[in-house]
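A look at the structure
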Amino acid sequence: MKYLRILAAYAAQPLAMQREKIEAITAFLVEQSSGVKFSAAEIEARTIGKREAAGVAKSDGNVAVLPIYGVLSHRMSGMEDISGGTSYESLSKSLRGLLADEGVKAIVLDIDSPGGVTRGLSEFAAELRSARGIKPIIAQVTGNAASAAYWIAAQADEIVVSPSAEVGSIGVYTSHDDVSEALAKAGIKKTYISAGKFKVEGNQTAPLSDDTRAYIQESVDSEYAKFVADVATGRGRDASSVEAKFGQGRMVMAEDAVKRGMADRIGTLDDTLERFGVSTRPEILRNHVAAKEAQSKASATWLSKVK
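Scope of this entry: the structure provided in the associated data block. (Residues numbered from 1 in each chain as written. Predicted model: local features only at pLDDT ≥ 70, side-chain atom pairs only at ≥ 80, totals over all residues. Heavy atoms only, no water.)

1. Remarks on the environment of G234
For clarity, the cut-off: Helix and strand labels come from DSSP, where a helix needs a run of H or I of at least four residues and a strand needs a run of E of at least two; each type is numbered from the N terminus. Working rule for contacts: check all heavy atoms of both residues, and any pair within 4.5 Å makes them a contact.
Inspection of the secondary structure assignment puts G234 in helix 9 (residues 210-235). Taking C-alpha positions, G234 is 4.6 Å from Q155, a pair spaced 79 residues apart along the chain. When neighbours within four sequence positions are excluded, G234 is seen to be in contact with R129, R132, A154 and Q155.

Structure below.
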């Protein structure tokens with residue numbers, strides 16, 4: 001039950017994330033906590049997904065490929081252990097290092113993510129957008145750039161979408177589980193002893209009051225407004241155009257994304273690297289790739305021991 005509580009805390013904050021992904025992780029954790037045991041390989045497949053990470057390719061001019069995979073969050077957390085995801089903190093650190101590296105002539109963001117939390121996201125988006133003009137920054141969508149991931153992609157100089165990839169899911173949500181009836185059936189009555197009028201509002205042991213619902217809605221609306229504004233700024237559009245034409249919360253396939261102005265062209269990662277003088281099958285430095293794979297396997301092994 002420990003990891004279900006981590007997930008509940010994660011889901012209670014404003015999310016810019018595909019609903020299907022967090023529901024899939026929830027279903028897995030329910031099975032895991034009920035006693036079903038999975039191997040490390042099964043856990044990796046269910047929560048992280050196998051994929052080949054890109055590294056730093058070198059040719060006449062060096063091109064850095066920065067992976068943005070899995071669930072996105074502000075800092076390292078239990079959800080990253082569960083999902084094999086990426087933190088805005090680590091992305092910021094990597095970006096600053098690549099911008100300062102005179103050997104790196106261009107930066108390609110290799111994106112395959114269902115999105116994540118909004119906390120810390122607008123700050124990283126602003127940092128990424130301000131890096132424009134220092135070096136070319138290309139967002140290469142190799143899988144999904146959903147929600148928070150598209151928020152990031154929109155700050156790059158250009159968005160390139162692989163033929164089978166999708167972008168969008170522009171929206172923010174949170175959730176509240178009312179477990180009061182379930183607790184009553186179990187003979188459990190929880191009592192909060194608190195100070196501060198709103199300290200325990202929105203807890204799971206009671207239905208939401210109209211006042212609390214309005215307060216939470218205000219928070220979601222505020223994050224959504226930031227999302228739309230950042231996408232509009234990054235893509236050179238006005239906010240009303242983004243809201244009307246950029247999917248309205250739905251995912252959009254590559255060809256349609258280009259037509260709508262959500263992306264600039266269709267192409268693979270190899271195509272993008274070739275444009276910067278890197279051969280289609282480059283000799284790739286695997287140092288941070290090995291670290292990424294080790295992180296995924298360690299997370300899966302750790303979760304396999306959870307009861």
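2. Thoughts on the side chain of D110
Spelled out, the test is: Exposed residues in this analysis have more than 50% of their type's maximum accessible area, buried residues have under 20%, and partly exposed residues fall in between, with area computed by a 1.4 Å probe over protein chains only. Here a polar contact is taken to be a pair of N or O atoms separated by no more than 3.5 Å, where protein atoms must pair a possible hydrogen donor with a possible acceptor and residues adjacent in sequence count only if both atoms sit in side chains.
The topology assignment puts D110 in strand 5 (residues 104-117). For D110, a relative accessible area of 1% translates into the label buried. Reaching out from D110, the side chain makes a polar contact with the side chain of Y69 at a distance of 2.6 Å.

3. Some details on the environment of G133
Among the secondary structure elements, G133 is positioned in the loop between helix 6 (121-130) and strand 6 (137-146). Sequence spacing of G133 and D157 is 24 residues, and the spatial spacing of their C-alpha atoms is 8.5 Å.

4. Brief notes about the nonpolar core
The line we're drawing: Nonpolar cores are built from buried Ala, Val, Leu, Ile, Met, Phe, Trp, Tyr and Cys residues. Side-chain atoms within 4.5 Å join them into one set.
The biggest cluster of nonpolar side chains holds 52 residues, and the ones touching the most others in it are L109, Y150 and I152. Per element, the largest residue contribution to this core is six residues, and it comes from helix 7 (residues 148-153). Judged by nonpolar contacts, the second largest core, of eight residues, contains I138, V160, L269 and L273.

5. Focus: helix 9
Which entries qualify depends on this criterion: Here a helix's expected span is defined as the number of its residues, less one, multiplied by 1.5 Å.
The end-to-end C-alpha distance of helix 9, which contains 26 residues, comes to 37 Å, matching closely the 38 Å that a straight helix rising 1.5 Å per residue would cover. All of the buried residues in helix 9 are T212, V220, E223, F227, V228, D230, V231, A232, G234 and R235. Taken together, the buried residues of helix 9 touch strand 1 (15-17), helix 6, helix 7, strand 7 (158-161) and helix 10 (239-245). G236 occupies a position one or two residues after helix 9 and carries a positive phi of about 70 degrees.

6. With respect to the packing of helix 6 against helix 9
Any two packed helices are characterised by the angle at which their axes cross and by the distance between the axes. Note the threshold: Between N-to-C directions, angles span 0 to 180 degrees; the directions come from axes that are lines fitted to C-alpha atoms, helices contributing only their stretch in contact. Note on angle classes: values under 35 degrees are labelled roughly parallel, values over 145 roughly antiparallel, values of 65 to 115 roughly perpendicular, and the remainder oblique. For this classification, the nonpolar set comprises Ala, Val, Leu, Ile, Met, Phe, Trp, Tyr, Cys and Pro, the charged set comprises Asp, Glu, Lys and Arg, and every other residue, Gly included, is treated as polar.
Relative to each other, helix 6 and helix 9 sit at 10 degrees, their axes nearing to 11 Å. Taken together, the axis directions place helix 6 and helix 9 in an arrangement best described as roughly parallel. Between helix 6 and helix 9, the residues in contact are S122, A125 and R129 and K226, D230, T233 and G234, respectively. By residue class, the composition of the contact of helix 6 with helix 9 is one nonpolar, three polar and three charged.

7. Some remarks on the pattern of salt bridges
As a reminder, the rule being used: In the sections that follow, a salt bridge refers to a side-chain nitrogen of Lys or Arg positioned within 4 Å of a carboxyl oxygen of Asp or Glu.
Inspection of every chain in the model, using the stated rule, returns nine salt bridges. Salt-bridge contacts for D256 lead to R260; the nearest nitrogen and oxygen are separated by 3.0 Å. Here D256 and its partner R260 are both found in helix 11 (residues 254-260), four residues apart, which amounts to about one turn of the helix. What emerges from the salt-bridge pattern is a single network uniting E158, R265 and R275.

8. Describing the packing of aromatic side chains
The criterion, for reference: For this analysis, a ring pair means two rings from Phe, Tyr or Trp (six-membered ring only for Trp) whose centres lie within 6.5 Å, classed as stacked if their planes differ by under 30 degrees, edge-to-face if by over 60, and tilted for the remaining angles.
Scanning all chains against the criterion turns up one aromatic pair. The interplanar angle of 10 degrees and the centroid separation of 4.4 Å between the aromatic rings of W151 and F227 together place this pair among those described as stacked. Placement of the pair is W151 in helix 7 and F227 in helix 9, with a sequence separation of 76 residues.

9. Observations regarding helix 6
Short version of the rule: What the arc covers is the set of directions going from the helix axis to the C-beta atoms.
Along helix 6, the positions that sit buried rather than exposed are L121, F124, A125, E127 and L128. One side of helix 6 carries all its buried residues, which in axial view fall inside an arc of 160 degrees. The exposed set on the far side of helix 6, more than 90 degrees from its buried face, consists of E123 and S130. The inward-facing, buried residues of helix 6 contact helix 5 (88-100), strand 5, strand 6, helix 7 and helix 9.

10. Observations regarding unusual backbone geometry
Phi at S147 is positive, roughly 55 degrees, even though this residue is not glycine. The residue S147 is located in the loop between strand 6 and helix 7 in this model. A positive phi is found at S169, a non-glycine position, where the angle reads about 55 degrees. Of note, S169 is situated in the loop between strand 8 (166-168) and helix 8 (180-185). On the accessibility criterion, S169 (10% relative accessible area) is buried.

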